[in-house]
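Spelled out, the chains give:
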Amino acid sequence: MRAALILSLVLVPACFKPLDAPLAEIPKLGSIEEVMRANETVAGPQWKMEGATSYTDEDWAKAKDASARLAALAERSKEFSRGDAFNKWADTMGEQAKALGAAAEAKDAAAAGKAIGGMKGACKGCHSETR
Ligand code: HEC
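Model, not experiment: these values are computed from the prediction.

Notes on the overall build of the chain
Logical step 1: When its secondary structure is counted, the chain shows 5 helices and 0 strands.
Logical step 2: Beginning at the N terminus, the succession of helices and strands in the chain can be written as α-α-α-α-α.
Logical step 3: Every one of the 131 residues in the chain was classed for burial, and the buried ones make up 27%.
Logical step 4: The contacts in the chain between residues at least 6 apart in sequence include a share of 63% that link residues at least 24 apart.

Given below as structure tokens:
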């Protein structure tokens with residue numbers, strides 16, 4: 001727990017302010033910065049599950065919640081699109097977020113880990129090509 005906290009402090013830019021946007025508020029987020037702050041806040045706790053071999057019921061509930069919110073955030077990000085590469089990565093992020101939800105529904109830890117890895121790849125891919 002403490003190690004995960006320290007790790008997240010190292011990985012996240014110093015200026016990062018958490019934004020724990022509820023699902024219903026996501027379509028109203030007003031800037032790419034808000035969408036990204038919410039991405040970081042919602043996805044952050046999922047990263048440490050990437051290699052998990054077993055989930056508790058609470059973990060699955062959190063994965064389902066993160067899936068719904070990250071899919072909505074990927075969709076919302078396109079409001080602030082920077083072109084084709086951006087849209088492609090936003091779609092990839094949305095697909096992987098939905099795959100996480102399907103994995104949570106099936107309680108399939110391997111599939112969840114794969115979706116989380118795919119989502120991380122979409123964050124990184126989009127940042128390297130459009131940020
Ligand atoms: C479709 C493209 C795209 C995807 C996918 C994406 N990002 Fe971003 N992200 C950006 C861009 C562009 C910026 C720079 C925004 C700016 O200029 O203010 C950014 C900025 C950020 C920032 C800095 C925000 C700030 O305060 O300025 C964070 C944190 C972040 N992204 C986290 C994430 C996480 C976590 C994910 C994956 C769950 C993710 N992003 C997925 C495009 C993307």
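Things to note about the site of the ligand
Logical step 1: Contacts to the ligand come from 22 residues, most closely from Met36, Asn39, Ala90, Cys123 and Cys126.
Logical step 2: Secondary structure elements with two or more residues in the shell around the ligand: helix H2 (32–47), helix H4 (84–106) and helix H5 (109–130).
Logical step 3: Top element by residues in the shell around the ligand is H2. It accounts for 7 residues.

Re the environment of Asp84
Logical step 1: Note on placement: Asp84 falls in helix H4.
Logical step 2: A count of 10 C-beta atoms within 10 Å places Asp84 in the exposed class.
Logical step 3: Here the alpha-carbon distance between Asp84 and Thr130, two residues 46 residues apart in the chain, equals 9.8 Å.

Quick word on the nonpolar core
Logical step 1: Of all hydrophobic cores here, the largest spans 28 residues; its most connected members are Leu70, Leu73, Met93, Leu100 and Met119.
Logical step 2: Within the residue set of this core, elements represented by two or more residues are H2, helix H3 (57–77), H4 and H5.
Logical step 3: With sequence-adjacent residues up to four places away left out, Leu100 is seen in contact with Ala63, Ala66, Ser67, Ala112, Ala115, Ile116 and Met119.

What about the packing of H2 against H3?
Logical step 1: In contact at an axis separation of 10 Å, H2 and H3 are set at 160° when each is read in the N-to-C sense. Relative to H3, the element H2 lies roughly antiparallel. Between H2 and H3 the crossing geometry is left-handed. Every residue of H3 that contacts H2 at Ile32, Val35, Ala38, Asn39, Val42, Ala43, Pro45 and Gln46 is listed here: Lys62, Ala63, Ala66, Arg69, Leu70, Leu73, Arg76 and Ser77.

Some details on unusual backbone geometry
Logical step 1: The phi angle at Lys107 is positive, at roughly 50°, despite the residue not being glycine.
Logical step 2: Positionally, Lys107 belongs in the loop between H4 and H5.
Logical step 3: Since 14 C-beta atoms lie within 10 Å of it, Lys107 is described here as partly exposed.

Details of the packing of H3 against H4
Logical step 1: Where H3 contacts H4, the axes come no closer than 8 Å and their chain directions differ by 160°. With respect to H4, the element H3 is oriented roughly antiparallel. Judged by the sense of rotation from one axis to the other, the crossing of H3 with H4 is left-handed. Contacts between H3 and H4 pair Trp60, Ala63, Lys64, Ala66, Ser67, Ala68, Leu70, Ala71, Ala74, Glu75 and Ser77 from the former with Ala90, Met93, Gly94, Ala97, Lys98, Leu100, Gly101 and Ala104 from the latter.
Logical step 2: A class-by-class count of the residues in the contact of H3 with H4 yields 12 nonpolar, 4 polar and 3 charged.

Calculation notes
- Residues numbered from 1 in each chain as written.
- Predicted model: local features only at pLDDT ≥ 70, side-chain atom pairs only at ≥ 80, totals over all residues.
- Helix = DSSP H or I, 4+ residues; strand = E, 2+ residues; numbered from the N terminus.
- Buried ≥ 20, exposed ≤ 12 C-beta atoms within 10 Å, placed from the backbone.
- Contact = placed C-beta atoms within 7 Å.
- Near = placed C-beta within 6 Å.
- Core = buried A, V, L, I, M, F, W, Y, C linked by C-beta atoms within 7 Å.
- Axes fitted to C-alpha atoms, helices over the stretch in contact; angles between N-to-C directions.
- Parallel < 35°, antiparallel > 145°, perpendicular 65-115°, else oblique.
- Left-handed = near helix turned anticlockwise from the far one by under 90°.
- Nonpolar A, V, L, I, M, F, W, Y, C, P; charged D, E, K, R; others polar.

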